[in-house]
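# Understanding the architecture of this molecule
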Amino acid sequence: MTATVAESPVVAALADTALAPLEAQGRLLNPVLKAATKKAGRVGFRGELALRFAPKLADEARPPELSCDQVIAMAEKGNAKLPFFAGYLLSFEHLKDVAEVLGEQLSAEGKYFLFCNNIDLLKKYQVAYNGATFYVLPIDEATVYNELLELLYLEKGDLKKLDTAGKTDAVADAALKFKGSFEPMTYEEGLQRMGPVRNPNENRPV
């Protein structure tokens, strides 16, 4: 008799979605949400996306060398493409890493938002890369979630009673309808325009 290994609830929830390959690669880290949402056939992820892994020392799991933080993403059963993804980058240059990691999960129709710490606070851009369009927006002390609410005209009070999955659905639904248009910019132009990279450890208590 052959023993079968039970599939984990997370793997089962993400199966046949664009998030499944990322989960299999160990890239979906520190999740606040990694499960089915309130809408049938939809799964959500909120956490960190590992972009570059640190070298492994023996069996020690080490934090990634580079990650996209504050990620809010939604995927659908039977759809190999990601309809919606948003996240925080310390530097605009890592848009390339996000695009390469998401790779085949990106589509021309998807809504992808990257909030970058080192672009002009008064500027918003759209950058075509890897067959997809990324909306690149500034961020300073705010959170991706709060910035998305403002961008998508969602009232925080209206979402207050929803759980994390419900809030993710609301943000994703609004993002899918987003029709905004910003100044087009190539990735190479963005590298020229971006500001210095802030030290993420500054002002932290020692």
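Presented here is a report on the structure given in the accompanying data block. (Residues numbered from 1 in each chain as written. Predicted model: local features only at pLDDT ≥ 70, side-chain atom pairs only at ≥ 80, totals over all residues. Heavy atoms only, no water.)

### Let's talk about the state of the cysteines
In a disulfide, the sulfur atoms of two cysteines are held together by a covalent bond. Using the following cut-off: Cysteine sulfur atoms that pair up within 2.5 Å are treated as a disulfide. Exposed residues in this analysis have more than 50% of their type's maximum accessible area, buried residues have under 20%, and partly exposed residues fall in between, with area computed by a 1.4 Å probe over protein chains only.
For the coordinates displayed, the defined rule picks out 0 disulfides. In this structure Cys68 is a free cysteine whose sulfur lies 8.5 Å from that of Cys116, the closest cysteine sulfur available. In this structure Cys68 comes out as buried when scored by relative accessible area, which is 0%.

### Digging into the environment of Thr133
For clarity, the cut-off: Strands are runs of DSSP state E lasting at least two residues, helices are runs of H or I lasting at least four, and both sets are numbered from the N terminus onward.
Residue position: Thr133 is located in strand E7 (residues 132-138). Residue Thr133 is classed as partly exposed on the basis of its relative accessible area of 26%. Residues Thr133 and Ala174 lie 41 residues apart in sequence; the distance between their C-alpha atoms is 17 Å.

### A closer look at the pattern of salt bridges
Our working rule: The working definition used for a salt bridge is a side-chain nitrogen of Lys or Arg within 4 Å of a carboxyl oxygen of Asp or Glu.
For the coordinates displayed, the defined rule picks out 8 salt bridges. Here Arg193 ties to Glu183 by a salt bridge, and the two come within 3.0 Å at their closest N and O atoms. Of the two residues, Arg193 sits in helix H7 (residues 187-193) while Glu183 sits in strand E8 (residues 183-184), which places them 10 residues apart along the sequence. For Glu183, a relative accessible area of 33% gives the class partly exposed. Connected through salt bridges with shared partners, the residues Lys39, Arg42, Asp169 and Asp173 form a single ionic network.

### Comments concerning the pairing of strand E2 (residues 42-52)
The cut-off we apply is this: When DSSP finds at least two bridges between two strands, those strands are taken to pair.
Burial of E2 is extensive: 9 of the 11 residues sit out of reach of the surface. Pairing analysis gives 9 bridges linking E2 to strand E3 (residues 66-76), with the strands arranged antiparallel. Opposite Arg42, over in E3, you have Glu76 as the bridge partner.

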